[in-house]
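Chain by chain, the residues run as shown.
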There are 2 protein chains.
Amino acid sequence: MTRGRRQAPVSKKISESAVRRLSLYLRTLEELDRAGQEMVSSEQLAAKSATTAAQVRKDLSLFGSFGKRGFGYTVEELGRALRDILGLTQPWRVALIGAGRIGSALFEYRGLTHRGFQIVAVFDCDPSKIGRKWGDSMIRDVAELERVVGDLDIQIAILAVPVEAVQGVMDQASRAGVRGVLNFAPRRLKVPAGVTVKDVNLVIELESLTFALSQGV
Amino acid sequence: MTRGRRQAPVSKKISESAVRRLSLYLRTLEELDRAGQEMVSSEQLAAKSATTAAQVRKDLSLFGSFGKRGFGYTVEELGRALRDILGLTQPWRVALIGAGRIGSALFEYRGLTHRGFQIVAVFDCDPSKIGRKWGDSMIRDVAELERVVGDLDIQIAILAVPVEAVQGVMDQASRAGVRGVLNFAPRRLKVPAGVTVKDVNLVIELESLTFALSQGV
DNA sequence: CTAGTATTGTGAAGGTTTTCACAAGCTGTG
DNA sequence: CACAGCTTGTGAAAACCTTCACAATACTAG
């Protein structure tokens, strides 16, 4: 073992919220890097990520020791470490399922490719859409999902289909070997073990907003 | 006080996650209602909402007592109670700021109006978009934001603008009297006290997904 | 080389959320 | 009416997460 950064203590269980903060830290670090800053303290990282210095240090300590006592963290080095922890050193190959409004917005969203998420295939079940060109890929029939996921080595699926269709599509996707899913339909999906799902649900966000607003009255 | 349901014990602090679960329960109840079911047990509600029966009962007990021992909850009555708690008895008037891809997808999204969120004004700063018709409203210049928010009695703003512009738009919105904000731009907003912000950030969702996937290896 | 300053990394304390387990209470039956 | 069966509502326990506080340590200046 070198005197450099230590690796993760053991495989502890990491909380969802800790992981989300790591993702925030990474964004902050990228901003600092663009601004040309080389070192950052837990204090500053916390201020820019809306948390506390102790929380930052605790979160990082779950994975190792990345700073220098008395001086803080190297922006670039900590960024690399976080990318490593979050699994962002490889590019991820993503299937977008559903070429409606949400699908279209996601397809155009630059933030995804910029972070290493490549949408390598788009699917729909509407015959009037299948065959149309989006960017330089073509909208495919969702019936081909199983074959294409294998052929293109796709690991992640984004489900942007109507709620009635989503469980069926999910079943196809998991049979095809997709291991991670970002689900925009407002239904809790049943998935086999080994498949991870994250839900994005605007109504829940809005309702937690209206709850807060009504409380405040 | 009648022998009916009791009201909230006192004004305790309610956790964000509890509120989000209430929103989930409400959706489950609406599904059950459409299916014609009249009663539901905490057990069943939990199964359909991906949590535990004890959690359901604890969450509800934060606000009062809505069930009948030995029999469970009346689907319709509990639904009404949850709508009341979440502040959904009034319709909410929403401004959509940003008429790009995301804005467009949100504008078309039926789920919002269905839940009582009315998009009563759309704004952009791109002169080529201002004046265009979307549905039966017109895209307005974001410079008019302050006046229109007052005139139309808007309480909530959805920010679907580029990250560089978002803090400026937020400042305008809070000056205009908006009290709740759903922010799609990947930047933590600074807001005056009394304004509540919820962030929606796809990159964080995807990165917590890739974290899980890389761990699983 | 030593003293001084700054900031990390981390056990322990404190706080919050979830789970457990059971008394309380409702309804149908005999 | 009394009893049996079932499910709620809720204190108490357990698990989990955040904050505190300080020893360890890296670097700079003298």
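Nothing here was measured: the structure is a model prediction, and the numbers come from that model. (Residues numbered from 1 in each chain as written. Chains lettered and ligands numbered in written order. Predicted model: local features only at pLDDT ≥ 70, side-chain atom pairs only at ≥ 80, totals over all residues. Heavy atoms only, no water.)

### A closer look at the protein's contact with DNA strand D
Item 1. Within the structure, DNA strand D sits among 26 residues, and R69 of chain A together with S42, R57, S65 and Y73 of chain B are positioned closest to it.
Item 2. In this structure, R21 of chain A approaches DNA strand D through a side-chain N or O atom, which is 2.9 Å from a phosphate oxygen.
Item 3. Separating a phosphate oxygen of DNA strand D from a backbone N or O atom of S42 of chain B is a distance of 2.6 Å.
Item 4. Elements supplying a minimum of two residues to the surface near DNA strand D: α3 (53–61) of chain A together with α3 (53–61) of chain B.
Item 5. In terms of residues, the surface near DNA strand D owes the most to one element, α3 of chain A, which gives 4 residues.
Item 6. Residue classes in the surface near DNA strand D are distributed as 5 nonpolar, 10 polar and 11 charged. (Near = heavy atom within 4 Å. Polar contact = N/O pair within 3.5 Å; in protein donor to acceptor, adjacent residues only side chain to side chain. Helix = DSSP H or I, 4+ residues; strand = E, 2+ residues; numbered from the N terminus. Nonpolar A, V, L, I, M, F, W, Y, C, P; charged D, E, K, R; others polar.)

### Topic: the packing of aromatic side chains
Residue and element names in this part refer to chain A.
Item 1. By the definition in use, this model includes 4 aromatic pairs over all chains.
Item 2. Where F107 meets W134, the ring centres are 5.3 Å apart and the plane angle is 45°; that geometry is what we call tilted. Here the residue F107 occupies a position in helix α5 (residues 101–108), and W134 occupies one in strand β5 (residues 133–134), the gap between them amounting to 27 residues. (Phe/Tyr/Trp six-rings, centres within 6.5 Å; stacked < 30°, edge-to-face > 60°.)

### Points about the relation of the copies chain B and chain A
Item 1. Mapping chain B onto chain A calls for a rotation angle of 180° and an axial translation of 0.0 Å; the resulting RMSD is 0.1 Å. Here the two chains are linked by the operation of a two-fold rotation axis.
Item 2. Of the residues that chain B buries at the interface, 100% are likewise interface residues in chain A, meaning the two copies contact each other through the same surface. (Least-squares fit on C-alpha atoms with pLDDT ≥ 70 in both. Contact = heavy atoms within 4.5 Å.)

### Quick word on the pairing of strand β7 (residues 156–159) of chain A
Residues and elements named next belong to chain A.
Item 1. Both faces of β7 are covered, namely the face carrying I156 and I158 and the face carrying A157 and L159.
Item 2. Here strand β3 (residues 92–97) pairs with β7 via 4 bridges, running parallel. Within β7, the position partnered with L96 by the bridge is I158.
Item 3. When β7 meets strand β8 (residues 180–183), the two strands line up parallel, connected through 4 bridges. When the bridges of β8 are listed, I156 appears paired with G180.
Item 4. Between the parallel elements β7 and β8, the chain passes through helix α8 (residues 163–176) in a crossover that is right-handed. (Buried < 20%, exposed > 50% of the residue type's maximum accessible area, 1.4 Å probe, protein only. Pairing = 2+ DSSP bridges. Right-handed = clockwise from strand over helix to strand, strands pointing away.)

### Quick notes on the layout of surface pockets
Item 1. Taken as a whole, the largest pocket encloses approximately 1500 Å³ of empty space.
Item 2. Looking at the largest pocket, it is lined by 43 residues, and the ones nearest its centre are E16, R20 and E205 of chain A together with R20 and E205 of chain B.
Item 3. Counting only elements with at least two residues in the lining of the largest pocket, the list comes to α1 (16–34), β9 (196–199) and α9 (202–216) of chain A together with α1 (16–34), β9 (196–199) and α9 (202–216) of chain B.
Item 4. Split into classes, the residues belonging to the lining of the largest pocket amount to 16 nonpolar, 9 polar and 18 charged. (1 Å grid on protein atoms, 1.4 Å probe; cavity = no way out; pocket = protein on both sides within 12 Å on 5 of 7 lines; lining within 4 Å. Points joined across faces, edges and corners; volume = space filled by probe spheres on them.)

### Focus: helix α4 (residues 75–85) of chain B
Residues and elements named next belong to chain B.
Item 1. Residues of α4 that are buried include every one of V75, L78, G79, A81, L82 and I85, and no others. Mapping the buried residues of α4 onto a view down its axis gives an arc of 165°, with all of them on the same face.
Item 2. At the exit of α4 stands G87, carrying a positive phi of roughly 75°. (Arc of directions from axis to C-beta.)

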